[in-house]
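# Inside the fold
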Amino acid sequence: MRAAVLRGGTVEVRDIEDPVPGPGQLLVRSLACGVCASDLHFMDHPEAGADDDSGMSTYDQDVDIVMGHEYCAEVVDYGPDTERRIPVGARVSSLPVLTTPAGRRIIGQNPESPGAFGEYFLVTEAITRVVDSDLPSGIVCVADALSVGWSAASRARVTPKEVPLVIGCGAIGLSVIARLRSLGVGPVVAVDFVASRRATALAMGADVVVDPATVSAYGAWHDVAHARGPGGSVQDTTALRGRPGCVVFECVGVPGVLDSIIKGCVPGTRIFSVGGPPEGDHLHTLTAKRKGLNIQFGGGPSMAHWDEAFEAVCSGGLDVTPMLGGAGTVALDDVPAALDAARDANGPARVVVPGEL
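Residues numbered from 1 in each chain as written. Predicted model: local features only at pLDDT ≥ 70, side-chain atom pairs only at ≥ 80, totals over all residues. Heavy atoms only, no water.

### Some details on the sheet that holds strand S16 (residues 294-297)
- Taken together, the 6 strands give an open sheet; going across it, the order is S13-S12-S11-S14-S15-S16, and neighbouring strands pair in parallel fashion. Edge positions in the open sheet fall to strand S13 (208-210) and S16, since each of these has one partner strand only. The mean inter-strand angle of the sheet, taken between neighbouring strand axes irrespective of direction, is 20 degrees.
- Sheet topology places strand S14 (residues 245-250) next to strand S15 (residues 270-273); 4 bridges connect them, and they run parallel. The residue of S15 that forms the bridge with Val248 is Ile271.
- Against the sheet, helix H7 (residues 217-225) contacts strand S11 (162-167), strand S12 (189-191), S13 and S14, and its axis sits at roughly 150 degrees relative to S11. (Pairing = 2+ DSSP bridges. Helix = DSSP H or I, 4+ residues; strand = E, 2+ residues; numbered from the N terminus. Axes fitted to C-alpha atoms, helices over the stretch in contact; angles between N-to-C directions. Contact = heavy atoms within 4.5 Å.)

Below, the structure is given as structure tokens:
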């Protein structure tokens, strides 16, 4: 099969052997796959994969790895010991985790679990879901990206006495905003340096957007939480009684951002760190202690939250087209260039390979 192969820090498109489904696995053909920032983190920081003692995400620079974990695919064949409940030809997607005899592997981030930047790849039958929708595959595949922020926003359980502040409006931050809006939480304050990302945040449900180059994110949050947004417009804060609380979602994944939140936020803030820079970070823990901050670190979406996000996208209940930004799709041979383009913060939150929108 043809695949965009990561080896030794570079990606090239060439022919490799087709994957063979093992027990409980399905062989599927890739229809569409999103280019994710974690693909870039994975290829740029091999030490993170080398240090993963779980074995789920392993980067061996001397072995072929096919990335791509946000996919919509078509069932081609069954491995042994499968229920065969999903017919050949059905469109499917799944939480990107492959169950192997050696343990669980993240699809697209391990030599044992090639991803959807190849013509064919493997999925775990037990967690594979049928696409019950007429939406194009290039839209369906965005559900996995959505599920990460969806899960974080769901776990946060933001109360009527709290005002959320979303730092970073890439795909994860946008999915946090979308989930908060679907839960009826608001006003939502979103922060990003890039004007196009702020515009997308508004399209996904943010109430107020902030350019931190010109306005303090925490000052803007204070104004909104205390009834006056930027420009002096009065917000509806009838649900807020007493001193409002702050819930910050860190969705950047760049060193220093989480620490800046610790320094800038109000006492008692709850912080959900979803970004997670692969090279790690330095935090002023004494400041966090003095402020009584509660920091919860990432983790992937639960199966239940993944299913909820998948259903929201497939049903059309949640419109993810603003995240695509009119970027369209790229062919498999253009994956190396698409990965480089994904580094541009001014680009859309998602570029899709190789499906049709």
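### A few points about the packing of helix H4 (residues 143-156) against helix H10 (residues 303-314)
- Relative to each other, H4 and H10 sit at 125 degrees, their axes nearing to 8 Å. In terms of orientation, H4 and H10 fall into the oblique class. Between H4 and H10 lies a crossing whose hand is right-handed. The residues of H10 that touch H4, namely those facing Ala143, Asp144, Leu146, Ser147, Trp150, Ser151, Ser154 and Arg155, are His305, Trp306, Glu308, Ala309, Phe310, Ala312 and Val313.
- Of the residues belonging to the contact of H4 with H10, the class tally is 8 nonpolar, 4 polar and 3 charged. (Parallel < 35°, antiparallel > 145°, perpendicular 65-115°, else oblique. Left-handed = near helix turned anticlockwise from the far one by under 90°. Nonpolar A, V, L, I, M, F, W, Y, C, P; charged D, E, K, R; others polar.)

### Notes on the nonpolar core
- Ranked by size, the top nonpolar core spans 48 residues in total, and within it Val166, Ile177, Leu180 and Phe249 carry the most contacts.
- Counting residues per element, the ones that place at least two in this core are strand S3 (25-34), helix H3 (137-140), H4, helix H5 (171-182), helix H6 (195-204), S14, H10 and helix H11 (321-324).
- Sequence-distant contacts of Leu180, defined by excluding residues within four places in its chain, comprise Ala153, Val158, Pro164, Val166, Val185, Val188 and Phe249.
- Val5, Leu40, Ile86 and Leu339 belong to the second-largest nonpolar core, a separate cluster that totals 39 residues. (Core = buried A, V, L, I, M, F, W, Y, C linked by side-chain atoms within 4.5 Å. Buried < 20%, exposed > 50% of the residue type's maximum accessible area, 1.4 Å probe, protein only.)

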